[in-house]
Amino acid sequence: MGASGARERLGNTVNEGVPPLRSSGEWDMGQSAEPIVLELATLPREQVGPFLLLGLDKTADKETIDAHWAERLKWARKGLSKVPLEDINWAREVLSDIERRIRADVASLNIDTTDGMLAQLAQRYGVQEGKAVRTWEARDSEKTLADYQPPAEVPDAEAVYAALVVPELPEEVPAVPLLLERLAQQPLDPWAIDLEG
Amino acid sequence: MPGVLSIAESDSARYEAAAGFFERAVQAGCQDTHVLYMLAMVRKRQGKLHEARNVLRKIAQPDAHVILQMGLLSLQENQLAQAEEEFAHAWQMDPRSYEICYNLLLTRLTLGKIEDCLALIPAALDLASHRLVTQRAGSISDDGQPVAYASSSYDNPDERRFLLVLQALLQTCCKGTNGAPSLAELTAADEQRLLQLLRHLGQLDTVHMLLKALARARPRSTAIREAYLEVVLVKAKELIDRCAWTDAELLLRPLEREKSNNRATQLVLLNLLGCCACMTQDFDSAIKHFLAAIKLAPNDPRLHQNLALTYEWKGELPQADPYWNRFFDLLDDRVPVPPAIPHYLDHLAYEGLGRLAARYSEKEKWAGALNYVQRAAHLRPNDPDTLERLFQLYNQAKRPQDARRTLEKLRQLRPDEPQYEMYELDLIEVKSLNDIEKLLTEIDRILKHYPNDVRVEERAVNMVGNVIPLMGTLCDQLTDQMSKVIDQVRNLPNYQINWSAVREVMRDLLREFQKLRRITGKCLPLVSSDEHRRIIRDLAEHIDKKMEACRSMGA
């Protein structure tokens, strides 16, 4: 089994526009200059290699391998890729084993050059992890709410203080008024109040 | 750097504290639109996009600001279609917002909706001309970073001009004409800004289409031509990632004729063309492309490897040799390697040499195979597997002295390995019946010395299997000699026959047949397959008949 993407081959005269054969069997001599695509024998997956099957550079780490494998599984299931599922799984299996991976490295083509120029170009055009993403800076304008005060009713402290009914103080504990006074003077922390309790 | 980090840390702490207050207010029942909005903004700055969106959704009557923020969140999540929908909604609510209009325009551009962009640009131009500056210092960009107003491109006085340039490009793209006049008059700065925007669009199909139009409109611009070449290469890579070799090749071929001034991109182009040709089994074209690439970068090991593999797949192993050798020579620290695999390049070289040795062995070119295994053994001088291969190849190449020396080393490395005694037998040159007898006796001895050793048994069976045809050949030679004597006896008159000489010859032949018969007897218990047993029994029967004939002739 091999990558079916490797099954096609162009005629050598793409730009010379060899006229395609119509379904009726006549040669189409019109303007159409579609190249002839010939079906050749499938390249074995060992020849395509696990790196090309998963779209990986030979330096890929385990996380990248897994991410590419998962993505290609999705593509295969949705019919977005011609690579069979079993080849995708085989590729991951090979790359998970260090010895098999090294052997596959020796026997596989390199899509990128040693200095990684293609990867740099891809990055320049926003390709991350094999997917192109937008990197232009959008315009943001947030409302200016730094001085905003929510319309909440805040009671007048003096009125609240005046409305308090002071309980009768027990004579046998003379320190109570002093303690209460101190407690009343402590600052209130509204966030410490358990509203639900 | 530490200063930046401490600012980031203090920002992070402030956002966390602010979010805490807002959350508690909301938990306490506060449904104030502005409080919810501020909580969402804090979450956005913290990068908690999902939470920010959830808070924005709680706002009962969202205004254009809220919808704009939702659009920005969608953009950050790369949900372009949703972002477009939200910006369009916000734009309906507030058609005077330049920010909304700009974001909608670029989102549509990213999605490749050229017509929709063209429809929007007049409004954007109008807003860019009349808008009031409302953004304050300290506001944030969509990636959550504070932006200083003075340094933001937002306040660029060339905004209107940029929109006009973009409009001209989109019109050119739509009409397919060879360049609107304004495109021909672009300044270097305009061109740079346009290219900058296109490079950040993130949709390769759209960028490709726009750059193609731009390259047509400005054929003399080197920067644009290079950008176009770059995007084609990146797009081809995208196709190759899906194993769509033919589509990638179709995309790249037109560029083959245009010579780029940039050596690096030209190199990438040639390499990709070579890979596509190789994968579509057009090996001649692949070789042509790889050779051209190597001319540009003679010290790139990956290119040498590609070319060597292509020659191999074409079946031209000797042509691949120099490129493999160069590849091995160039494997040094500059070559990128995967993380977490120590000594990767050493392993790579070793496996490569071993692989080539196997290729040559398959074609029975022992000298070539020997050369690569010798190099592999040089890399791993104490690796028994490599030395075993080396031993076998020395044997195949008829170099018994080297084979013996290698075997000695193997014995030192694995002194108790029973197989090596069998290897010793490989060194015996078997030509005569005596050699065969000696070999079988030794095999029998080793088998008895190492009973139940599967590997020894297997090897013994193989060796005996190799001897059987030789026994047949020797038997045939003896039979021929005997037939000649019998023919002469039958055809000559009795008085001309030297009977004493005939008897002498027959005695010699009988002795030889007896020896062969003894060997078949030794051989029979050593074979395991029924086929071999049958052949030996037939041979024994044949020998018996011949021995009888010898006796009848006076032996």
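Before any of the text, the structure's been laid out above.
Description of the structure in this document. Note that the structure is a prediction, hence the values are computed from the model and not measured. (Residues numbered from 1 in each chain as written. Chains lettered and ligands numbered in written order. Predicted model: local features only at pLDDT ≥ 70, side-chain atom pairs only at ≥ 80, totals over all residues.)

A separate point is the overall build of chain B. Broken down by element type, chain B carries 26 helices and zero strands. Computed over the C-alpha atoms, the radius of gyration of chain B is 42 Å, more than 25% above the 24 Å expected from 2.2 N^0.38 for a compact globule of 555 residues. Looking at the 555 residues of chain B, the share that counts as buried comes to 36%. Here the analysis covers contacts within chain B between residues at least 6 apart in sequence; of these, 52% occur between residues at least 24 apart. (Helix = DSSP H or I, 4+ residues; strand = E, 2+ residues; numbered from the N terminus. Rg over C-alpha atoms; globule rule 2.2 N^0.38 Å. Buried ≥ 20, exposed ≤ 12 C-beta atoms within 10 Å, placed from the backbone. Contact = placed C-beta atoms within 7 Å.)

What follows covers the overall build of chain A. Within chain A, the regular secondary structure consists of eight helices and four strands. Put simply, chain A has 197 residues, and 28% of those count as buried. Contacts in chain A between residues at least 24 apart in sequence constitute 57% of all its contacts with a sequence separation of at least 6.

Helix-helix packing is characterised by the crossing angle of the two axes and by the distance between the axes. Residues and elements named next belong to chain B. Contact geometry of helix α24 (residues 454–491) with helix α25 (residues 499–523) gives a least axis separation of 11 Å together with a crossing angle of 160°. In terms of axis orientation, α24 runs roughly antiparallel to α25. The hand of the α24/α25 crossing is left-handed. Residue-level contacts link Val464, Met471, Leu474, Cys475, Leu478, Gln481, Met482, Val485 and Val489 of α24 to Val502, Val505, Leu509, Glu512, Phe513, Leu516, Ile519, Thr520 and Cys523 of α25. Looking at the contact of α24 with α25, its residues break down into 15 nonpolar, two polar and one charged. (Axes fitted to C-alpha atoms, helices over the stretch in contact; angles between N-to-C directions. Parallel < 35°, antiparallel > 145°, perpendicular 65-115°, else oblique. Left-handed = near helix turned anticlockwise from the far one by under 90°. Nonpolar A, V, L, I, M, F, W, Y, C, P; charged D, E, K, R; others polar.)

With that out of the way, let us pick up the interface of chain A and chain B. Much of the literature gives interface size as the accessible area that the parts lose upon coming together. Between chain A and chain B, the contact holds 61 residues from the first and 82 residues from the second. Of all elements in the fold, only β1 (8–10), α1 (45–48), α2 (50–53), α5 (98–106) and α6 (117–124) of chain A reach the threshold of two or more residues within the side of chain A that touches chain B. Residue composition of the side of chain A that touches chain B, by class: 33 nonpolar, 14 polar and 14 charged.

Here we come to the packing of helix α11 (residues 204–217) of chain B against helix α12 (residues 222–241) of chain B. Residues and elements named next belong to chain B. Relative orientation of the contacting elements α11 and α12 amounts to 150°, with a least axis distance of 9 Å. One element, α11, and the other, α12, form an angle in the roughly antiparallel class. Two packed elements cross with a definite hand, and for α11 against α12 that hand is left-handed. Between α11 and α12, the contacting residues are Leu204, Val207, His208, Leu211, Lys212, Leu214 and Ala215 on the first element and Ile224, Arg225, Ala227, Tyr228, Val231, Val232, Val234, Lys235 and Glu238 on the second. Considering only residue class, the contact of α11 with α12 consists of 11 nonpolar, one polar and four charged.

Residues and elements named next belong to chain A. For α6, the complete set of buried residues consists of Met117, Leu118, Leu121 and Ala122. Buried residues of α6 fall within an arc of 140° about the axis and therefore sit on the same side. Downstream of α6 by one or two residues, Gly126 has phi in the positive range, about 80°. (Arc of directions from axis to C-beta.)

It is worth spelling out unusual backbone geometry at this point. Residues and elements named next belong to chain B. The backbone of Glu364 sits at a positive phi, close to 55°, despite the residue not being glycine. In this fold, Glu364 is placed in the loop between α18 (344–362) and α19 (366–379). For Glu364, a count of 9 C-beta atoms within 10 Å corresponds to the exposed category. Phi is positive for Asn452, which is not a glycine, with a value near 70°. In this fold, Asn452 is placed in the loop between α23 (433–449) and α24.

Let us look at the nonpolar core. Core analysis: the largest hydrophobic core is formed by 173 residues, its most contacted members being Cys101, Leu169, Leu233 and Leu272 of chain B. Not counting residues up to four positions away in its chain, the partners in contact with Leu233 of chain B are Leu118 and Leu121 of chain A together with Thr265, Val268, Leu269 and Leu272 of chain B. (Core = buried A, V, L, I, M, F, W, Y, C linked by C-beta atoms within 7 Å.)

By secondary structure assignment, the location of Glu408 of chain B is in helix α21 (residues 400–413). Note: C-alpha distance between Glu408 of chain B and Leu309 of chain B (99 residues apart in sequence) is 36 Å.

Residue and element names in this part refer to chain B. Here Leu331 shows up in the loop between α17 (317–330) and α18. On the basis of neighbour counts, which here come to 17 C-beta atoms within 10 Å, the residue Leu331 falls in the partly exposed class. Along the sequence, Leu331 and Asp300 sit 31 residues apart, while their C-alpha atoms lie 9.3 Å from each other. Apart from the residues within four sequence positions on either side, Leu331 is in contact with Pro301, Leu345, Leu348 and Ala349.

Our focus in this paragraph is the environment of Leu229 of chain B. All names here are of chain B. Structurally, the position occupied by Leu229 is in helix α12. Residue classification places Leu229 among the buried residues on the basis of 22 C-beta atoms within 10 Å. Expressed as a C-alpha distance, the spacing of Leu229 and Lys212, which sit 17 residues apart in the sequence, is 9.4 Å. Aside from chain neighbours lying at most four places away, what touches Leu229 is Leu255, Ser260, Thr265 and Leu269.

Attention now goes to helix α16 (residues 301–313) of chain B. All names here are of chain B. For α16, which comprises 13 residues, the first-to-last C-alpha distance of 18 Å matches the rise-based estimate of 18 Å (1.5 Å per residue) to within 8%. The buried fraction of α16 is high, at 12 of 13 residues. Buried within α16 are the following residues: Pro301, Arg302, Leu303, His304, Gln305, Asn306, Leu307, Ala308, Leu309, Thr310, Tyr311 and Glu312. Where α16 is buried, its residues touch α14 (263–279), α15 (283–296), α17 and α18. Immediately downstream of α16, the backbone of Gly315 shows phi near 90°, a positive value. (Expected span 1.5 Å × (residues − 1).)

By themselves, these observations are geometric and do not establish any function.
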